[in-house]
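# An overview of the molecular structure
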Amino acid sequence: MTVRILGIETSCDETAAAVVEEGVEILSNVIASQSEIHAQYGGIFPEMASRAHIETIHKVIASALAQAHVSLDDISAISVTRGPGLAGSLLVGLNAAKGLALARRLPLIGINHLEGHICSLQITENTHEVEFPILALIVSGGHTEMILVEEQLKYQRLGGTLDDAAGEAFDKVGRLLGLPYPGGPNVEEAAKGGNPDAFDFPRAWMDNSWDFSFSGLKTAVMRAVQQRFPEWDTGRDPSSVNLPIADLAASFQSAIIEVLKEKSVQAAEKHKARAIFVSGGVSANLALCAAITKRAGEIPVYHPPGHLCTDNAAMIAAAGYWRYQAGQRDGWDLDARPTWPLI
Ligand code: KG4
Ligand code: ZN
C-alpha cells in the first residue's frame, strides 16, 4: 500500500498543510503566510498568529487535499508539528489534526519541527537513498542547531546557539537598517551591492565547542549604526539618514556566514559526514549555501529550494512518513510542547 501522509504545520507564522507520498514525493504543499500581518509590527505577534491560523487552517488543509487530488480516504496517517514553537499556534494545528484523525480513524503522529527540517532532505533530493552520517545545520528564525544525523531518526546534537538564532540576528539587523520584515531576505538583497570588508564585525568562534553566539555581532552592527545615526531609536526611519546600508548588510552577512561555514565544515570533517545538509529559513540564503559548498570541497552539500527552506508542511509529512514506518502512533492526549529539544 502506498503510504501517503497529510502533514500539518502551525508552529510559528505559516499555516501549512501538505500531502507527501512514500516520504519523498510532494503531491501538494500549501502555505498561507502571515508575514504581511506581522510586517506591521516588525516581528511575530503571537496572539495574531494564533488567530490567523484559526481562520485559515481548514481552508489550507482542504486545498492540500484538493491539489494532491486525494481525499482523506487515500491518507495513511496525519502528522502534525507538536513543538517547538508558539503554544497558541501549535494548538491550532494539533487540534485540527486530532479532529480529522479521530473522525476518520487515522493514525496521529506528533512531529518535532526540527526533525521536519532535517527530513526535508529526502523531499529535496526526491530519493530515500541518502548516505549517513549527515551533518545537519538547521538555521532558522528560532533555531541554530548542528546535529549529526547518524541514521534516519537517530541524532547526536553537536551544538547550537547560546543566544540569538541566526535568522533572529538577520531579522534584528534588518530592523536596525530600516529594512522590511522579515529581515533575512532583505539583508541578503541589500548585501549584494555592498562591500563585505567595509566593517570589521566580530566572529564568535566559541573555541573547543560546536556552539554559536550571534548577539555580539548584532550589538556590533548596532554600535556601527549608532555612530552614524545617534538617534536611531527615536522612531526615525533609518532610511531617512545616509546609512551605508549595503556595506553594513554585506559586512554583517559575511561575518555570520564565515562562522556557520567554518564550524559546519569542520564538524562534518571531524565526524566523517558523507554530506552536509543546510536547512531552515536561513538556508534560503544563497550566499551562505555557496560559501559552505565551496569550503566543503569533496563533501556534498545539499540545501532545499526556497519554498522548502522556510517553514512548510511537506517537511512535516516527510518526517511523518519515517515516524509512521518506525511504528509511532500518538494518542488523543497528544499535547503541544512549545520548548521541545530534538534530543
Ligand atoms: O524556518 P523558518 O521559516 O521559521 C522558523 O522556524 O524560524 O525561518 C525563518 C527565518 C527568518 O528569521 C528569516 O529572516 C530567515 O529565516 N530567512 C533568511 C532568508 N530567508 C529567510 N535569512 C537569511 N537569508 C535569507 N535569504
Ligand atoms: Zn522552521
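Description of the structure in this document.

Turning our eyes to something else, we now look at unusual backbone geometry. Of note, the amide linkage connecting Gly 83 to Pro 84 takes the cis form, showing an omega dihedral of -10°. For the bond running from Tyr 181 to Pro 182, omega is -5°, close enough to zero to count as cis. Among the secondary structure elements, Pro 182 is positioned in the loop between α5 (166-176) and α6 (183-191). In this structure, Asn 208 takes a positive phi of about 60° despite not being glycine. For Asn 208, the position within the fold is in the loop between α6 and α7 (215-228). For Asn 208, a relative accessible area of 84% puts it in the exposed group.

Let us look at the site of ligand 1. Around ligand 1 there are 19 residues in total, and Gly 141, Asp 171, Glu 188, Gly 281 and Asp 311 lie nearest to it. Note that an oxygen atom of ligand 1 is positioned 3.4 Å from one of the side-chain N or O atoms of His 113. Take Gly 167: an N or O atom from its main chain is 3.2 Å from an oxygen atom of ligand 1. Protein chains bury 90% of the 560 Å² of accessible surface belonging to ligand 1 in isolation. A molecule is said to occupy a pocket when more than half its atoms come within 2 Å of that pocket's grid points, and by this definition ligand 1 occupies the largest pocket. Mapped by element, the contributors of at least two residues to the shell around ligand 1 are α4 (113-125), α5 and α6. Considering only residue class, the shell around ligand 1 consists of 5 nonpolar, 11 polar and 3 charged. When residues of the shell around ligand 1 are assigned to domains, at least three fall in each of domain 1 (4-121 + 308-325) and domain 2 (132-303).

This brings us to the side chain of Ser 76. Take Ser 76: it is sitting in the loop between α2 (46-67) and β4 (77-83). Given a relative accessible area of 13%, Ser 76 falls into the buried group. Sequence-distant contacts of Ser 76, that is, excluding residues within four places in its chain, are made with Thr 2, Val 3, Arg 4, Leu 106, Pro 107 and Tyr 324.

With that settled, the discussion passes to the nonpolar core. Counting residues in hydrophobic clusters, the biggest one holds 51 residues, and the most contacted among them are Leu 135, Phe 201, Phe 252, Ile 256, Leu 260 and Ile 276. Only β6 (134-139), β7 (144-151), α5, α6, α7, α8 (245-270), β9 (275-279) and α9 (286-296) provide two or more residues apiece to this core. It is α8 that contributes the most residues to this core, 13 residues altogether. Excluding anything up to four places from it in sequence, Phe 201 contacts Leu 217, Ala 220, Val 221, Ala 224, Leu 248, Ser 251, Phe 252 and Ala 255. Judged by nonpolar contacts, the second largest core, of 35 residues, contains Ile 5, Ile 123, Ile 138 and Leu 153.

Cut-offs used in this document
Residues numbered from 1 in each chain as written. Chains lettered and ligands numbered in written order. Predicted model: local features only at pLDDT ≥ 70, side-chain atom pairs only at ≥ 80, totals over all residues. Heavy atoms only, no water. Helix = DSSP H or I, 4+ residues; strand = E, 2+ residues; numbered from the N terminus. Buried < 20%, exposed > 50% of the residue type's maximum accessible area, 1.4 Å probe, protein only. Near = heavy atom within 4 Å. Polar contact = N/O pair within 3.5 Å; in protein donor to acceptor, adjacent residues only side chain to side chain. Areas by Shrake-Rupley, 256 points an atom, 1.4 Å probe, with all protein chains shown as cover. 1 Å grid on protein atoms, 1.4 Å probe; cavity = no way out; pocket = protein on both sides within 12 Å on 5 of 7 lines; lining within 4 Å. Sits in = over half its atoms within 2 Å of the grid points. Nonpolar A, V, L, I, M, F, W, Y, C, P; charged D, E, K, R; others polar. Domains from an automatic or database assignment. Contact = heavy atoms within 4.5 Å. Core = buried A, V, L, I, M, F, W, Y, C linked by side-chain atoms within 4.5 Å.

So, to be careful, I would describe these as geometric facts and stop short of saying anything about function.
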